[in-house]
Amino acid sequence: MSLNSTPNAERTHIGIFGRRNAGKSSLINALTGQSLAVVSDVAGTTTDPVSKAMELLPLGPVLITDTAGLDDEGALGGLRVDKSYRVLFKSDIALVVIDATQGENEYDIKVISNLKEQKIPYIKVYNKCDLIDSEKPIADNEIYISAASGKNIHELKELIAKQLDTGDNDKHICADLLSPSDIAVLVVPIDSAAPKGRLILPQQQTIRDILEAGAISAVCKETELTDTLSSLGKKPRLVITDSQAFANVSKEVPQDIPLTSFSILFARYKGDLEQNVKGVTMLDRLNDGDKILISEGCTHHRQCDDIGTVKLPRWIKEYTGKDIELEFSSGGEFPRELQKYSLIIHCGGCTLNEREMKYRLACAADAGVPMTNYGIAIAYINGILKRCVEPFENIRSLLE
């Protein structure tokens, strides 16, 4: 991914749902003005979710995902429908495409019920309006269009923007913790997990957020931290470290300088920091035989000392002294049945959008399973979590 590209996790996710041959793929092509999706009269042409990142005016950067028909049949069709519903839970807005010549049926009603339950904005898009004699009265989140002729496509884009306009654009990774000319020191280990010539995504995004605050970012490796702090000329407002370096960094950063991690910042940015902090205390209540799910939002080549599958399991077992059973998930796979777990430890979720991260947290809460994330767990194990949430006023009291 180019450094100039908006990460997919920061794009507006538009999911397109509907029955086979309702015109979902044709709609994508009409919205984008490109032949991105294969269009055919054969029902079920789209078999797996297909995503395309692009700029879509007046919305800006979006990720549009075409899904298989919700009425797909057979064992294989059922798997395709299941994948379509996984897209639903990460969508910021859903377009439910309905064949205007046939009207709604049970499949459309079911997906709309799910959207309402998840509080996901949606638009009923009645396609093929050029093939009907008259259009029925519609609600504020409904529109008649023709993907074939282009009728009302511009109006649909405007309606999408209107449905998404919540007025809440004041979310930051750390910019709200800084003032202009403040210095934020970023401790960035360079190891085999960081491709040559690149910083990993949360580090890139945090630097960008610091610039938004008019503050200054000083980036160093953990081996250079002491020299960096002494050469700055003034005390930094904040030190942000990779969680894996917590143990050493916390010893080197003076107590009067606030310290936190990228992972903790992302728990606040796109998840629920309070739920994560409460969840981590389950580490003190684990028993032999308990199961922990360690989940990552991305998929990557595992290194010999991988954080999720090697380091974190080792630290957990050393801290608890218990014979604990560990299970792992990654990428788009997140177990539906969570009741068997005593604790879920998730990555910072930099590749997941806010909607999906909060969906996973909600699944854990509904199952009654505590959930936390890598950085919070590592800070807790090292006995420094209270210090690392000190910058967040509403969280401090949870550990007092």
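Right above here is the structure, for reference.
Student: An account of the nonpolar core is needed here, citing residue identities and associated values.
Tutor: Counting 64 residues, the largest nonpolar core has V185, V239, I292, I316 and L385 as its most contacted members. Considering every element that reaches this core, the biggest residue donor is helix 12 (residues 374-381), with 7 residues. The residues contacting V185, other than those within four sequence positions of it, are A218, C220, L225, L229, L232, P236, L238, V239 and I240. L59, I64, L95 and L159 belong to the second-largest nonpolar core, a separate cluster that totals 23 residues.

Student: So what's going on with unusual backbone geometry? Residues and values would help.
Tutor: Phi angles above zero are rare outside glycine, and K119 is one such case at about 55°. Relative to the elements of secondary structure, K119 occurs in the loop between helix 3 (106-117) and strand 5 (122-127). K119 gets classed as exposed once you look at its relative accessible area, which sits at 68%. Positive phi, close to 70°, is recorded for K128, a residue that is not glycine.

Student: Go over the pattern of salt bridges, please, and point to the residues and values.
Tutor: Counted according to the given criterion, the structure contains 18 salt bridges. One salt bridge in this structure joins K171 and E354, with 3.9 Å as the shortest N-O distance. Residue K171 is located in the loop between helix 4 (153-164) and strand 7 (183-187), and its partner E354 is located in helix 11 (residues 354-367); the two are separated by 183 residues in the primary sequence. For K235, the salt bridge is made with D256, and the minimal N-O distance between the two is 3.4 Å. Here D256 lies in the loop between helix 7 (246-252) and strand 10 (259-261) and K235 lies in the loop between helix 6 (225-231) and strand 9 (238-241), a separation of 21 residues in the sequence. With respect to burial, K235 and D256 carry one shared label: exposed. Linked by salt bridges that have partners in common, K291, E325, E327 and K340 make up one network.

Student: Tell me about the packing of helix 8 (residues 262-270) against helix 12, and please be specific about residues and values.
Tutor: Contact pair helix 8 / helix 12: the axes reach a minimum separation of 7 Å and the direction vectors enclose 130°. On the basis of the axis angle, helix 8 is oblique to helix 12. In the crossing of helix 8 with helix 12, the sense of the turn from one axis to the other is left-handed. For the pair helix 8 and helix 12, contact is made by S263, I264 and A267 and by Y374, G375 and I376, respectively. Counted by class, the contact of helix 8 with helix 12 contains 4 nonpolar, 2 polar and no charged residues.

Student: Talk me through the sheet that holds strand 8 (residues 216-220); I want residue IDs and the actual numbers.
Tutor: Pairing between sheet strands relies on hydrogen bonds along the backbone, with the strands arranged either parallel or antiparallel. An order of 8-7-9-10 is seen for the 4 strands of this open sheet, with the pairing classed as parallel. The sheet is open, and its two edges are formed by strand 8 and strand 10, each paired on a single side. On average, each strand axis in the sheet is inclined to that of its neighbour by 25°, with strand direction left out of account. Helix 5 (residues 201-212) rests against strand 7, strand 8 and strand 9 of the sheet, and its axis sits at about 175° to strand 7.

Reading the values: rules and limits
Residues numbered from 1 in each chain as written. Predicted model: local features only at pLDDT ≥ 70, side-chain atom pairs only at ≥ 80, totals over all residues. Heavy atoms only, no water. Core = buried A, V, L, I, M, F, W, Y, C linked by side-chain atoms within 4.5 Å. Buried < 20%, exposed > 50% of the residue type's maximum accessible area, 1.4 Å probe, protein only. Helix = DSSP H or I, 4+ residues; strand = E, 2+ residues; numbered from the N terminus. Contact = heavy atoms within 4.5 Å. Salt bridge = Lys/Arg side-chain N within 4 Å of Asp/Glu carboxyl O. Axes fitted to C-alpha atoms, helices over the stretch in contact; angles between N-to-C directions. Parallel < 35°, antiparallel > 145°, perpendicular 65-115°, else oblique. Left-handed = near helix turned anticlockwise from the far one by under 90°. Nonpolar A, V, L, I, M, F, W, Y, C, P; charged D, E, K, R; others polar. Pairing = 2+ DSSP bridges.

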